[in-house]
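Each chain, written out:
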Amino acid sequence: SAKRQLDSHAAFYSKSLKDITMKRIAMEEALRKAIKAREFELFLQPIIDMRSGGIVKAEALIRWRDKSNKLISPDEFIPIAELCGLIIPIGHWVIEQAGNMLKLLHSYNDQLTLSVNLSPKQLNDEHLLDAFTATINKTGIDASKVELEITEGVLIDNFERVERHIRQLRKLGIRISIDDFGTGYSSLRYLQRLSVDTVKIDRSFVHDLSDNENDKAIVLAVIAIAKSLGLEVIAEGVETKAQRHFLMDNACFIAQGYLFGRPVPVDDFCQLLSCE
Ligand code: C2E
Ligand code: MG
Ligand code: MG
Ligand code: MG
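Residues numbered from 1 in each chain as written. Chains lettered and ligands numbered in written order. Predicted model: local features only at pLDDT ≥ 70, side-chain atom pairs only at ≥ 80, totals over all residues. Heavy atoms only, no water.

### What about the coordination of the magnesium ion (ligand 3)?
For clarity, the threshold we go by: For Na, K and Ca the donor cut-off is 3.2 Å, and for all other metals it is 2.8 Å, counting N, O and S atoms only; because water is absent from this set, sites may look incomplete. Type-normalised accessible area, obtained with a 1.4 Å probe on protein chains alone, sets the label of each residue: buried when under 20%, exposed when over 50%, and partly exposed for intermediate values.
For the magnesium ion (ligand 3), the protein coordination sphere consists of Asp179 (OD), Asp180 (OD) and Glu236 (OE), at 1.7 to 2.6 Å. Linear spacing of the donor residues for the magnesium ion (ligand 3) on their chain is D-D-x55-E. Using a relative accessible area of 6% as the deciding quantity, one classes Asp179 as buried.

Below you can see the structure in the form of C-alpha cells.
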C-alpha cells in the first residue's frame, strides 16, 4: 500500500540520515584528536607569473595525515570542521604555521606572498585579528606578503561584521583575495562594497576554456572586471598549454595549476625555490 511504501521510505531515509550523522560524529571526534595530536600539514602550491615563469606566490593548502599515514583532503574534513566549530582551532593552527612558513620561504625569496584560505566561520571569529597580529609580531613577517583567500559564500551572512573584519585585516597590511570567483552570488556587489586586492577565477571556468564558448566569455568578463576595478586577477586550475596561451593572450598573467606544479610539502617547495 501507499502507506507501507511511505513507511519504508521513512525507514530508508532515517537509516541513511542516521548513517550520515554517525559518520559526522565519528569524524568530529577524530578531528578533535587530530588537533591535539597536531596531525595537520600545510602543502604549498606555486602561483606563477607566466611572463617570467617565476614563482610569485604560494597557496597554503591543508592536509590531514591520519594515524595510518593516509592524507585526507580538506574537501573531506573542512566542511565538517566548519559545521562543528572546530575550524576555529584548526584555523588558528593554520595562521600560526603560515607565519613560520612564510618566514622560511622569505629566506629563499623575500618577494614571495603566501595565500591562506579562510572559512566563513573564521571571518566571524572575534579572535581572528588577534591571531594574525600575534603571528606577525612573533615572526616579524611583512603583513603585505600575506593574502587571505575568502570565497564569496562567506560574505552572505553577517555582511557588516565580515566587512569590519576585512577592513581591520587590511589595516594590518594583509591582502584580501576572492577565491573561486564566479561560483557564488552577487559577486559584483561584493567587489564594489569590499576592498579586495585580488580575484581568483574558479578552475571550473578555466577547465573548458579551449572548447566552451560560454566559459571563454566568463573568463574574459572576469578579467575585464578585475582590470577595470584595478584588481589583480589569478587563474586557477591551469592544466594545459592551450589554457595558458588563452590567458596570456587576454592579459591574465598570474596563474596556478598542475601545468606549473601541484601542492607539495614545504621541503619540496623550498627545493623549487632554490632552483629558481
Ligand atoms: P581552493 O582554495 O580553491 O584551492 C585550490 C584547490 O584546487 C586545491 O585543492 C588544489 O589542489 C586544487 N588545484 C590546484 N591546481 C589544480 C589544477 O590544475 N587542476 C585541478 N583539478 N585542481 C587543482 P585542495 O588542496 O584539495 O583544496 C580544496 C579546498 O579546501 C580549497 O580550495 C580550499 O577552499 C579548502 N582549503 C584548503 N586548505 C584550507 C585551509 O587551510 N583552511 C580552509 N578554511 N580551507 C582550506
Ligand atoms: Mg584558495
Ligand atoms: Mg580557489
Ligand atoms: Mg576553486
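### Concerning the pattern of salt bridges
We count it as follows: When a carboxyl oxygen of Asp or Glu is within 4 Å of a side-chain nitrogen of Lys or Arg, the pair counts as a salt bridge. Only DSSP runs of H or I with at least four residues qualify as helices, and only runs of E with at least two residues qualify as strands; both kinds are numbered from the N terminus onward.
Evaluated as defined, the whole model comprises 16 salt bridges. Note that Arg65 is salt-bridged to Glu41, the shortest N-O span being 2.5 Å. Of this pair, Arg65 sits in strand E2 (residues 54-65) while Glu41 sits in strand E1 (residues 40-49); the two residues are 24 residues apart in sequence, bridging distant segments of the chain. Look at Arg65 and you get partly exposed, because its relative accessible area is 27%. When its relative accessible area of 25% is taken as the criterion, Glu41 is described as partly exposed. We note a salt bridge from Asp49 to Arg51, for which the minimum N-O separation is 3.1 Å.

### Regarding the site of ligand 1
Stated precisely, the cut-off is as follows: When at least one non-hydrogen atom of a residue lies within 4 Å of a molecule or strand, that residue is treated as near it. N or O atoms closer than or at 3.5 Å make up a polar contact, with two conditions inside protein: a donor-capable atom paired with an acceptor-capable one, and, for residues adjacent in sequence, both atoms drawn from side chains. Values of accessible area rely on a 1.4 Å probe in the Shrake-Rupley scheme; residue burial ignores everything except the protein chains shown. Buriedness for pockets is judged along seven lines, at least five of which must meet protein on both sides within 12 Å for an open set on the 1 Å grid over protein atoms alone, while cavities are sets there where a 1.4 Å probe fits but cannot get out, and lining residues have an atom within 4 Å of a point. Should more than half of a molecule's atoms lie within 2 Å of a pocket's or cavity's grid points, that molecule is taken to sit in it. The nonpolar class holds Ala, Val, Leu, Ile, Met, Phe, Trp, Tyr, Cys and Pro. Asp, Glu, Lys and Arg form the charged class, and all remaining residues, Gly among them, are polar.
Among the 23 residues in the neighbourhood of ligand 1, the closest are listed as Ser119, Asp179, Arg203, Glu239 and Tyr258. Contact between ligand 1 and Ser119: a nitrogen atom at 2.7 Å from a side-chain N or O atom of the residue. One of the side-chain N or O atoms of Asp179 is found 2.8 Å from an oxygen atom in ligand 1. Calculation on ligand 1 without its partners gives an accessible area of 800 Å², and the protein chains cover 86% of this total. The pocket occupied by ligand 1, as judged from atoms lying within 2 Å of grid points, is the largest pocket. Contributing elements (two or more residues each) for the shell around ligand 1: E2, helix H2 (74-84), strand E4 (113-118) and strand E6 (175-181). Among the elements that take part in the shell around ligand 1, E2 stands out by supplying four residues, more than any other. Here the shell around ligand 1 is composed, by residue class, of eight nonpolar, six polar and nine charged.

### A word on the coordination of the magnesium ion (ligand 2)
Surrounding the magnesium ion (ligand 2) are the protein donor atoms Glu59 (OE), Asn117 (OD1), Glu149 (OE) and Asp179 (OD), at 2.0 to 2.3 Å. Coordination of the magnesium ion (ligand 2) draws on donor residues from a single chain, spaced E-x57-N-x31-E-x29-D in sequence. Between the magnesium ion (ligand 2) and the magnesium ion (ligand 3) the interatomic distance amounts to 3.6 Å, and Asp179 serves as a bridging ligand to the pair. Here Glu149, found in strand E5 (residues 146-151), pairs with Asp179, found in strand E6; they are 30 residues apart in sequence, far enough to count as distant. Take Glu149 and Asp179: they sit in the same class, and that class is buried.

### Details of helix H10 (residues 241-249)
Heads up, the condition is: Each direction from the helix axis to a C-beta atom contributes to the arc, which is the arc of those directions.
Among all positions of H10, only Gln243, Phe246 and Leu247 are buried. Projection of H10 onto a plane perpendicular to its axis shows the buried side chains occupying an angular sector of 95°, all on one side. Pointing more than 90 degrees away from the buried face of H10 are the exposed residues Lys241, His245 and Asp249. One or two residues past the end of H10 sits Ala251, with phi positive at roughly 65°.

### Details of the pairing of E6
Our working rule: If DSSP finds at least two bridges between two strands, the strands pair.
When you tally the buried positions in E6, you get five out of seven residues, the bulk of the element. Bridging between E5 and E6 involves five bridges; their strand directions are parallel. Its bridge partner lying in E6, Glu149 is registered against Ser177. As defined by bridge partners, E6 adjoins strand E7 (residues 198-201) across three bridges and the pair is classed as parallel. Bridge pairing in E7 links Ser177 to Thr198.

### Some thoughts on the nonpolar core
When a protein is soluble and globular, its nonpolar side chains tend to lie buried together. Where we set the bar: The term nonpolar core refers to a set of buried residues drawn from Ala, Val, Leu, Ile, Met, Phe, Trp, Tyr and Cys, joined through side-chain atoms within 4.5 Å. We call two residues in contact whenever any of their non-hydrogen atoms come within 4.5 Å of each other.
Residues Leu31 and Leu114 are the most contacted members of the largest nonpolar core, which totals 75 residues. For this core, the element with the highest residue contribution is helix H3 (residues 87-106), accounting for nine residues. Excluding its chain neighbours within four sequence positions, the residues that come into contact with Leu114 are Leu44, Ala58, Ala60, Ala98, Met101, Leu102, Leu105, Lys145, Val146 and Glu147.

### A few points about the side chain of His106
Among the structural elements, His106 can be located in helix H3. Looking at His106, its side chain comes within polar contact range of the main-chain oxygen of Leu112, at 2.8 Å. Among all residues touching His106, those that are not within four sequence positions of it are Leu112 and Lys145.

### Focus on the layout of surface pockets
Formally: Grid points are joined across faces, edges and corners, and a volume is the space filled by probe spheres set on the points.
Here the largest pocket defines a volume of roughly 1,200 Å³. Lining the largest pocket are 36 residues, with Leu61, Pro74, Asp75, Asn117 and Asp179 positioned closest to its centre. Those elements that place two or more of their residues in the lining of the largest pocket are E1, E2, H2, H3, E4, helix H4 (120-124), E5 and E6. Of the residues contributing to the lining of the largest pocket, the split by class is 14 nonpolar, 10 polar and 12 charged. For the second largest pocket, the calculated volume is near 150 Å³. Lining the second largest pocket are Ile20, Lys23, Arg24, Met27, Glu76 and Ile80.

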